[in-house]
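# Structural overview for review
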Amino acid sequence: MHTDSIPKIKIDNAEYQRSDELRTLTLPPGTELREIAANLKAVMKTDDRKQVQAASASLITAMAKAFMVAPPPLKVLNARPLKVTENYATETFGDYDFESTAIRLWMRTAVQKKTTSYGTYLSTLCHEFCHHLDVVALELPHTYHTRGFYERAAILYHHVQDTPVRTIVWTPHRNGTFSVDWARTMRR
Ligand SMILES: [Zn+2]
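Note that the coordinates shown come from a computational prediction; the quantities given were computed from them, not determined experimentally.

## Comments concerning the overall build of the protein
- Along the protein, the regular secondary structure elements total six helices and seven strands.
- Listing every helix and strand of the protein by position from the N terminus yields α-α-α-β-β-β-β-β-α-α-β-β-α.
- The C-alpha atoms of the protein give 17 Å as radius of gyration, which agrees with the globular expectation for 188 residues (16 Å, within 12%).
- With the C-alpha coordinates of the protein rotated into their principal frame, the extents come out at 45 × 45 × 40 Å.
- Here the protein holds 188 residues, and 30% of them are scored as buried.

## Description of helix H2 (residues 31–44)
- Between its first and last C-alpha, H2 extends 20 Å over 14 residues, near the 20 Å set by a 1.5 Å rise per residue.
- Buried within H2 are the following residues: Leu-33, Ala-37, Leu-40 and Met-44. The arc enclosing the buried residues of H2, seen along the axis, measures out at 50°, which places them on a common side. Turned more than 90 degrees away from the buried face of H2 sit Thr-31, Glu-35, Ala-38 and Ala-42, all of them exposed.

Analysis parameters
Residues numbered from 1 in each chain as written. Predicted model: local features only at pLDDT ≥ 70, side-chain atom pairs only at ≥ 80, totals over all residues. Helix = DSSP H or I, 4+ residues; strand = E, 2+ residues; numbered from the N terminus. Rg over C-alpha atoms; globule rule 2.2 N^0.38 Å. Buried ≥ 20, exposed ≤ 12 C-beta atoms within 10 Å, placed from the backbone. Expected span 1.5 Å × (residues − 1). Arc of directions from axis to C-beta.

Written out as structure tokens, the structure is:
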């Protein structure tokens, strides 16, 4: 995980800084979300896109209700698209469209077409939902990937999983961005 490059335009830069500094998320009660997430976990074992779509939509709808925002339209797709450059190939796990506020999630790996692990899938779902929260509730219309954004997404993920939040250790880069130091983060 790497933060987005720092915007040069003043107003965008101010939004970026606000997002970066916002390291918490006011959480709703977790019981109902955890029940719905447990159902999603079970459904993922069926390997059936339609069932995963329905279970994911239930979770997204419950999250939207809990955070008192309009639910984003959701589409669950099969194999992840592969973006190939000269040196490497990256898979898209999910995305969020600022204008339509729609979330897309891919449930299968790009090459082997295997169903994604539940943890990875849920983490992507929480990540995309946090983009939605930024845009519709937190007045962060560009929903930049800042340290604050990644930490908010992690707080939501661990809340749904009912697992302790790890303190993320960030490595600073010379251009002002940060990346996660996974080794030190996991050791904490
Ligand atoms: Zn993102």
